[in-house]
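Overview (structure and organization)
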Amino acid sequence: MKPFSKLALIMLTSTVVPFAIAQNDKMTPIAIPKQPNAIVLPTGKLPEATAEEAWHSQYGSMFARNVSVATLTPFLPPKSRATGAAVIVAPGGGFRTLSMENEGWNVAKALVKKGVAAFVLKYRLNPTPADMAGFEASMRQMFSGAGRRPAPGSEDPSVALAPQIADATAAFEMIRSQAQEWNVDPTKVGMVGFSDGAMLTLSTALYGRDVNPAFIGTIYGPLNAVKVPRNAPPLFIALAADDPIFGNAGYGLIDSWKAAKRPVEFHLYEQGGHGFGMYPKETTSTGWFEAFASWLRMHGYIRA
């Protein structure tokens, strides 16, 4: 059984978050924001990188693209409030851009308020044109379907996503090596991802060497059936029924986890679309974070 369908890979490798809120959808170049706490991961520079890292604003949020060197940014609660749990946060963006603010920093800040250490993973991306006009043209081509293709190498995520899995694996290793300094229990490190970040989260749990996450969360990610190992971590899933990418793709992932007798929790929201993240919306999908926090509390990672 192949772990993900070719369609899922095509969509994920060719689609940025299609919408989150109606206004401010224009991509406007911005200066790279200061990231003083970002730690460079030891996975090297992406060999096929063709342009320097660039950032833009869209939907009132900040996005990065042409990321060729992976970094990890810690967000740590005060020692007196630290629960010992830690979460690696993997933003989404179609492996062509990263929603660093909405699906990264804002999620991390919310976790810190729960006493959970959070680490935003800025993983390496597929190269895009250096200039904004060229990037927009490439995205129009992708949305039109003319430029859609599977991820290079293989439709098997363990191969197609090898650089990104390596980045996530390095993040787990770094957190565990610095666990005492960051007030983290090395046995309580999990990961949550959004869209393609959800695919990366799942792939890291399934194929990352000696990663063994304590738990994982996939937020509006693919739900294709997979082969689940005996030691698979507890899985939290959130998806909107009207998600234009994954809302009508079935629920094989949930069935796979249940068949393996591993813990899984699934929240299907009536509305929310794709890419809602931490954006304020009128749909019940905004409740995913508190549901995730309650799930972590149920498993003993957050204090009552």
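Further up the page is the structure itself.
Anyway, here's the lowdown on the structure attached to this text. Being a predicted model, the structure only gives us computed values, none of them experimental. In this convention, every chain numbers its residues from 1, walking through the sequence in written order. Confidence filtering applies because this is a predicted model: local features only for residues at pLDDT of at least 70, side-chain atom pairs given and counted only at 80 or more, and all residues used for totals across whole chains, interfaces and linings. The basis for every side-chain value is the complete set of non-hydrogen atoms in the structure, without hydrogens or water.

The helix and strand labels rest on DSSP assignments: H or I over at least four residues marks a helix, E over at least two residues marks a strand, and numbering proceeds from the N terminus. Looking only at helices and strands, one finds eight helices and twelve strands in the protein. Each residue is assigned to one of three classes by its accessible area relative to the maximum for its type, calculated with a 1.4 Å probe on protein chains only: buried under 20%, partly exposed between the two thresholds, exposed over 50%. Among the 304 residues that make up the protein, the fraction classed as buried is 57%. Residue contacts are counted whenever heavy atoms from the two residues lie within 4.5 Å of one another. Put simply, of all contacts in the protein between residues at least 6 apart along the chain, 79% involve residues at least 24 apart. Summed over its atoms, the accessible surface of the protein is roughly 12,600 Å², and 53% of this surface lies on carbon and sulfur atoms. The accessible surface values rely on the Shrake-Rupley method and a 1.4 Å probe; as for residues, cover is taken only from the protein chains in view.

Look at helix α5 (residues 162-177) against helix α6 (residues 196-207): their axes get within 9 Å of each other, and the N-to-C directions meet at 75°. With respect to their mutual orientation, α5 and α6 come out roughly perpendicular. Here Gln164, Ile165, Ala168, Thr169 and Phe172 of α5 come into contact with α6, specifically with Leu200, Ser203, Thr204 and Tyr207. Residues belonging to the contact of α5 with α6 are distributed by class as follows: five nonpolar, four polar and no charged. To get an axis, a line is fitted to the C-alpha atoms, and for a helix only the part in contact is used. The angle between two axes follows their N-to-C directions and goes from 0 to 180 degrees. In this scheme, roughly parallel covers angles under 35 degrees and roughly antiparallel covers those over 145, while 65 to 115 is roughly perpendicular and the rest are oblique. Three categories are distinguished: nonpolar for Ala, Val, Leu, Ile, Met, Phe, Trp, Tyr, Cys and Pro, charged for Asp, Glu, Lys and Arg, and polar for the others, with Gly belonging to the last.

On to helix α8 (residues 288-298), then. Within α8, the full set of buried residues consists of Trp288, Phe289, Ala291, Phe292, Ala293, Trp295 and Leu296. In this structure, the buried residues of α8 make contact with α2 (101-113), β9 (189-194), β10 (216-219), β11 (235-240) and β12 (264-269). One or two residues past the end of α8 sits Gly300, with phi positive at roughly 90°.

By this definition, two strands are paired if DSSP reports at least two bridges between them. Spatially, four strands are ordered β1-β3-β4-β7 in an open sheet, and the strand pairing comes out antiparallel. Single-partner strands in this sheet number two, and they are β1 (28-30) and β7 (97-98). Strand direction decides the pairing type here: strand β3 (residues 54-58) and strand β4 (residues 61-65), joined by five bridges, are antiparallel. Counted as the bridge partner of Trp55 is Ala64 from β4.

Once that is clear, we can look at the environment of Ser68. With respect to the helices and strands, the residue Ser68 is situated in the loop between β4 and β5 (69-75). You can call Ser68 buried: its relative accessible area is 10%. Between the C-alpha atom of Ser68 and that of Gly44, which follows or precedes it by 24 residues, the distance is 8.3 Å. Here Ser68 is in contact with Gly44, Lys45, Leu46, Ala49 and Arg124, once residues within four sequence places are set aside.

Geometry only, nothing functional implied.
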